[in-house]
Amino acid sequence: MGKVVLVTGANSGIGLALCERLLSHDAQLQLCLGCRNMQRAEAAKHALLVSHPKAQVSIIQLDVSSVHSVLRAAQEIRHRYNRLDYLYLNAGIMPNPHVDYKAFYKGLFSGRAIHMFSTGEGLLTQKDTLTSDGLQKVFATNLFGHFLLVRELEPLLCRPGCSSQVIWTSSSNAQRSAFCLDDIQHKGGVEPYSSSKYASDLLSLALNRRYNSQGVYSSVICPGLVMTNLTYGILPSFLWTLIMPLMWLLRMFTNTFTLMPYNGAEALFWLFMQKPETLDPLAKYHSLTSGLGNNYTQPRKVSTDNYVILTLCLQKISPDLLNSSSQGDISLLFDEPYLICKYEGYFYAQIKLES
Ligand SMILES: NC(=O)C1=CN([C@@H]2O[C@H](COP(=O)(O)OP(=O)(O)OC[C@H]3O[C@@H](n4cnc5c(N)ncnc54)[C@H](OP(=O)(O)O)[C@@H]3O)[C@@H](O)[C@H]2O)C=CC1
Ligand SMILES: CC(C)CCC[C@@H](C)[C@H]1CC[C@H]2C3=CC[C@H]4[C@H](C)C(=O)CC[C@]4(C)[C@H]3CC[C@]12C
């Protein structure tokens, strides 16, 4: 049996480009596309089969923002496969983005212009909404649903004598300043995207602590700035077209302007070919494209605070361990040195504070 790979958000952008690259590399793969929209999933499957007619591609309906959908999809995946070699946690959203033009012009003439262009730091805010579970949608999609998926697929990921990889599509927009322990869903802020990506970096660290001994290795990547549905939602397309020459020029100064989904998928693909035991759990792997158009992957240290390292350690516990909880409310209980956040009295997060 070939390696089994599940990619969430596989029907467009970086996820779809990754699938193309994986199938070009290994024709024996069993590739499973985790998508919320079946029509878009079928179109993606069709496109993949046109270029790889013999490939084994299947679809699983999966809305990562819905607890019910994740639980149902995980059950189906456990039924279909007896192993999972790679779990790409790639689906992500940035709803209702707003560009702070004042900050942009200020940043343009500061010494941090390149940093601003490669991270988008301080330039973007979003308006979040609630899911039907009552969770903040960005948190539920970019982090929580994926965490549940990892937990539910544990029997396929943890197999004696075998190793597996969990790979998060994070971002260089992940910022410590956007993440608040008292509000891990980012209910009260305007940068839920940045907060959720920072939390995924922390969660990946915690997953390594918890699972490395069972052969599961978690990594985070940043694909760079890629033109996809997500980025086209930030500016009107005519504006992107106008600034495109500037972006190609900027590539001479920062290799983070990968621009094409194929390039953005570089680090995801690179990780596929690595021995997971050799990876640095404290690194974020960046897809980079040089001014001459060469793609490469570079590890950079995850930006954790110097004096406080926060470790998210999400676990599943039995309902009777936690008493009252209201639906959709991820409430935080302080239990030194842990903050415990619970959901429906069943899933909870331990956030350990280390000095
Ligand atoms: N583009 C960029 O510059 C950067 C992107 N990223 C990250 O890359 C990842 C991929 O995004 P990208 O390819 O750019 O954008 P796309 O919008 O093209 O792809 C996002 C994918 O996620 C899927 N998705 C969204 N919400 C859900 C959900 N609830 N359940 C299941 N699937 C869902 C989308 O499905 P559907 O088609 O149904 O909407 C789509 O397939 C994201 O995590 C993003 O944060 C990180 C840094 C930079
Ligand atoms: C002339 C102006 C209208 C130009 C405004 C440009 C900004 C809209 C963009 C400049 C840098 C961009 C970004 C950088 C990093 C991305 C990050 C890695 C990610 O995960 C999502 C998208 C980015 C934040 C992206 C968004 C647009 C910019 C801020």
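Here, every reference points to the structure presented above.
Residues numbered from 1 in each chain as written. Chains lettered and ligands numbered in written order. Predicted model: local features only at pLDDT ≥ 70, side-chain atom pairs only at ≥ 80, totals over all residues. Heavy atoms only, no water.

Focus on the overall build of the protein chain
The condition that has to hold: Numbering of helices and strands runs from the N terminus, with a helix taken as a DSSP run of H or I at least four residues long and a strand as a DSSP run of E at least two residues long. Burial here depends on accessible area, computed with a 1.4 Å probe over protein chains only, as a share of the maximum for the residue type. Under 20% is buried, over 50% is exposed, and the range in between is partly exposed. Any two residues whose heavy atoms approach within 4.5 Å are treated as being in contact. For every accessible area listed, the method is Shrake-Rupley and the probe measures 1.4 Å; residues are considered covered only by the protein chains on display.
A tally of helices and strands in the protein chain yields 12 helices and 14 strands. Residue burial in the protein chain is summarised as follows: out of 355 residues, 56% are buried. Look at the contacts in the protein chain between residues 6 or more apart in sequence, and 71% of them connect residues 24 or more apart. When the accessible surface of the protein chain is summed, it comes to about 15,700 Å², and 55% of that surface belongs to carbon and sulfur atoms.

What about the pattern of salt bridges?
To keep things clear, this is the line we draw: In the sections that follow, a salt bridge refers to a side-chain nitrogen of Lys or Arg positioned within 4 Å of a carboxyl oxygen of Asp or Glu.
One pass over the structure, following the stated rule, counts nine salt bridges. The shortest N-O distance in the salt bridge between Lys301 and Asp280 comes to 2.8 Å. Of this pair, Lys301 sits in strand 10 (residues 295-301) while Asp280 sits in the loop between helix 12 (266-272) and strand 9 (283-289), placing them 21 residues apart in sequence. Given the relative accessible area of 59%, Lys301 is considered exposed. Taken together, the shared-partner salt bridges connect Arg83, Asp85 and Arg159 into one network.

Details of the site of ligand 2
Basically, it comes down to this: Throughout, the term near means that a residue has one or more heavy atoms lying within 4 Å of the molecule or strand in question. Side-chain atoms alone can form a polar contact between residues adjacent in sequence; in general such a contact is a pair of N or O atoms within 3.5 Å, and within protein one must be able to donate a hydrogen while the other accepts it.
Lining the immediate environment of ligand 2, one finds 19 residues, of which Tyr101, Phe117, Leu124, Ser171 and Tyr193 sit closest. Ser171 is positioned such that a nitrogen or oxygen atom in its side chain is 2.5 Å from an oxygen atom of ligand 2. Between ligand 2 and Tyr193 there is a distance of 2.9 Å, counted from an oxygen atom to a side-chain nitrogen or oxygen. Burial of ligand 2 by the protein amounts to 94% of the accessible area it has alone, namely 610 Å². Among the elements of the structure, helix 4 (101-108), helix 5 (113-119) and helix 10 (237-250) are those that each provide at least two residues to the shell around ligand 2. No other element matches helix 5, which puts three residues into the shell around ligand 2.

Details of the site of ligand 1
So the rule is basically this: Under the grouping applied here, Gly and all other residues not named as nonpolar or charged are polar, the nonpolar ones being Ala, Val, Leu, Ile, Met, Phe, Trp, Tyr, Cys and Pro and the charged ones Asp, Glu, Lys and Arg.
For ligand 1, the set of nearby residues contains 29 residues, the closest of which are Arg36, Asp63, Asn90, Tyr193 and Thr228. With the chains in place, 94% of the 880 Å² that ligand 1 exposes on its own is no longer accessible. Residue assignment for the shell around ligand 1 shows that the elements contributing at least two residues are helix 1 (13-25), helix 8 (192-211) and helix 9 (229-232). At three residues, helix 9 tops the list of elements feeding residues into the shell around ligand 1. Residues that form the shell around ligand 1 fall into these classes: 10 nonpolar, 15 polar and four charged.

Let's talk about a nonpolar patch on the surface
Just so we agree on the cut-off: Each patch is assembled from residues with relative accessible area greater than 30% and no salt bridge, linking like charges that lie within 9 Å and nonpolar side chains (Val, Leu, Ile, Met, Phe, Trp, Tyr) that lie within 5 Å.
On the surface, Ile114, Leu246, Leu249, Met252 and Phe253 cluster together to form a nonpolar patch covering roughly 510 Å² of accessible area. With respect to the helices, strands and loops of the structure, Leu246 is situated in helix 10. With relative accessibility at 39%, the residue Leu246 sits in the partly exposed group.

Quick word on the packing of helix 3 (residues 67-80) against helix 6 (residues 137-152)
What counts here: Axis lines are fitted to C-alpha atoms, over the contacting stretch for helices. Their N-to-C directions set the angle, which ranges from 0 to 180 degrees. Any angle from 65 to 115 degrees is called roughly perpendicular, while one under 35 is roughly parallel, one over 145 is roughly antiparallel, and all others are oblique. Two helices cross in a left-handed way if the nearer one is turned anticlockwise from the farther one by less than a right angle. They cross in a right-handed way if the turn is clockwise.
Running from amino to carboxyl end, helix 3 crosses helix 6 at an angle of 30°, the nearest separation of the two axes being 9 Å. Of the possible angle classes, the one that applies to helix 3 and helix 6 is roughly parallel. Every pair of crossing elements has a handedness; the one defined by helix 3 and helix 6 is right-handed. Only Phe144, Gly145, Leu148, Leu149 and Glu152 of helix 6 make contact with helix 3, whose side of the interface consists of Val67, Val70, Leu71, Ala74 and Arg78.

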